[in-house]
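Residue-level listing of the chains:
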Amino acid sequence: MVRIALIPGDGIGPEVVRAAKDVMRVAAEKHGLDLTLDDWDLGADRYLRDGTTLSPEDRDRLVGDYDAALLGALGDPRVPDNVHARDILLGLRLFADLYVNYRPCKLLVPALSPLRNPDPATDIVFFRENTEGLYAGMGGSFKTGTADEIAIEESLNTYKGVERIVRAAFEHALATGRTSVTLVDKANVLAYEGGLWRRVFAEVGSEFPGIDRNAMYVDAMAMDLVRRPQRYEVVVTSNLFGDILSDLAAQITGGLGLAPSGNINPQSWALFEPVHGSAPDIAGKGIANPVAAVACVSLALGHLGMEEAAADVDDCIRASFEEGVTTPDLGGTATTREAGRWMAARLLDAATG
Ligand code: NAD
Ligand code: IPM
Ligand code: MN
């Protein structure tokens, strides 16, 4: 039996997770998978109700009793310091050591790109380091709230942390027949971390002689992702740069409404989540695009070894584009529920037809 914990979360999270759940149920039925889906009440409502962000007991059960989790989004204007999101999302990334943040950005429909002449071959996979860097929470503030305030946020980079994400990127390139890996950093200014990342990149990369190595500065990379994204196959980068560049790459391949991600420890547990957030500006309106969450279902099923079911989910997403059943962010008129139900029904039709 495969057990998946659903954490709908905040804002549009519950809206898109509902669609993902429908699709996942149909995929399980069609492929005869013994799948258990449990909803978890974690997020801003729970925090505001009883002060719980993520208790040690919940954390242990999530990681111990489930094969994987699917999270909608966390972030709510009623919790301005975002403490619950950091405790839950960053907490799980650290606790389960989910060091790979896998973020594929493939241009499925060129017309959905805001670029003038998008190359249909655009297909980039980001390997974002997910446990270190500027996300380590190392720092502090002094004389807080005064005119003399000092705030320090330090970037943590360990040899172990850099080596394992760089290796994961090269191994993925090799396994998927990709021919290049690009390192993105700011080694011209951030010399200490840059030195470590570049040395490890060369060292690990030399074990993969058939794979080209490029190193790019993050400012030039942001520009080049808009100019010629088709040049990039696998990108490996630090936590913050990966966070920023994966939103950019999502937009050039159709928008945040489409982009899935996996927080993965290749040896144990994984948590899947759309790249997008809780989108308070559209929450409750029923117009959020559920495709990113549904694409997370595909990533999760593939990760758990259910490749056929994953491919089927990808097919129903593609079909929704072909048939024009899309939400307003893609120019369509479907609601989140309609788009989700359409994809689930399509999957079911394909089973019986
Ligand atoms: P956001 O990703 O929530 O929204 C950015 C823009 O994209 C908004 O205009 C939004 O309407 C649009 N958008 C996002 N997802 C969409 C979808 N599925 N369909 C259609 N349009 C969509 O980013 P933000 O506004 O900077 O952040 C809002 C909150 O979400 C913040 O609290 C932030 O910390 C949080 N956040 C959470 C996650 C997560 O839980 N994984 C990720 C990113 C941001
Ligand atoms: C993401 C989000 C998170 C991050 C936030 C909500 C903590 O932006 O998953 O991309 O910065 O990693
Ligand atoms: Mn982000």
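Q: Mind showing me how you'd approach the pairing of strand S12 (residues 270–274) here?
A: Summarising burial for S12: 5 of the 5 residues are buried, a large majority. Along S12, one buried face is formed by Ala270, Phe272 and Pro274 and the opposite face, lined by Leu271 and Glu273, is buried too. Pairing between strand S3 (residues 68–73) and S12: 3 bridges, direction parallel. Paired with Ala68 across the two strands is Ala270, which belongs to S12. Both strand S11 (residues 260–264) and S12 contribute to a ladder of 5 bridges, which runs antiparallel.

Q: Got a minute to help me understand the site of ligand 2 in this structure?
A: Looking at ligand 2, the residues that line it are Leu90, Arg93, Arg103, Arg128, Tyr135, Asp243 and Glu273. Within the side chain of Asp243, an N or O atom sits 2.9 Å from an oxygen atom of ligand 2. Within the side chain of Glu273, one N or O atom sits 3.3 Å away from an oxygen atom of ligand 2. In isolation ligand 2 exposes 320 Å². Once the protein is present, 79% of that is buried. In a pocket analysis with a 2 Å cut-off to the grid points, ligand 2 is assigned to the second largest pocket. For the shell around ligand 2, the per-class residue count stands at 2 nonpolar, no polar and 5 charged.

Q: I keep staring at the environment of Gly340 and nothing clicks. Help me out?
A: Topologically, Gly340 is positioned in helix H11 (residues 336–352). Measuring from C-alpha to C-alpha, the distance between Gly340 and Val294 comes to 8.2 Å, with 46 residues separating the pair along the chain. With residues up to four places along the chain from it excluded, the contact list for Gly340 reads Ala19, Val23 and Pro290.

Q: Would you explain the nonpolar core in this entry?
A: In globular proteins that are soluble, nonpolar side chains generally tend to be buried together. Residues Phe127, Val166, Val181, Val236, Phe272 and Val313 are the most contacted members of the largest nonpolar core, which totals 64 residues. Apart from the residues within four sequence positions on either side, Val166 is in contact with Trp197, Val200, Phe201, Val204 and Val236. Core analysis: the second largest hydrophobic core is formed by 18 residues, Ala85, Ile88, Leu89 and Trp269 among them.

About the criteria used
- Residues numbered from 1 in each chain as written.
- Chains lettered and ligands numbered in written order.
- Predicted model: local features only at pLDDT ≥ 70, side-chain atom pairs only at ≥ 80, totals over all residues.
- Heavy atoms only, no water.
- Buried < 20%, exposed > 50% of the residue type's maximum accessible area, 1.4 Å probe, protein only.
- Helix = DSSP H or I, 4+ residues; strand = E, 2+ residues; numbered from the N terminus.
- Pairing = 2+ DSSP bridges.
- Near = heavy atom within 4 Å.
- Polar contact = N/O pair within 3.5 Å; in protein donor to acceptor, adjacent residues only side chain to side chain.
- Areas by Shrake-Rupley, 256 points an atom, 1.4 Å probe, with all protein chains shown as cover.
- 1 Å grid on protein atoms, 1.4 Å probe; cavity = no way out; pocket = protein on both sides within 12 Å on 5 of 7 lines; lining within 4 Å.
- Sits in = over half its atoms within 2 Å of the grid points.
- Nonpolar A, V, L, I, M, F, W, Y, C, P; charged D, E, K, R; others polar.
- Contact = heavy atoms within 4.5 Å.
- Core = buried A, V, L, I, M, F, W, Y, C linked by side-chain atoms within 4.5 Å.

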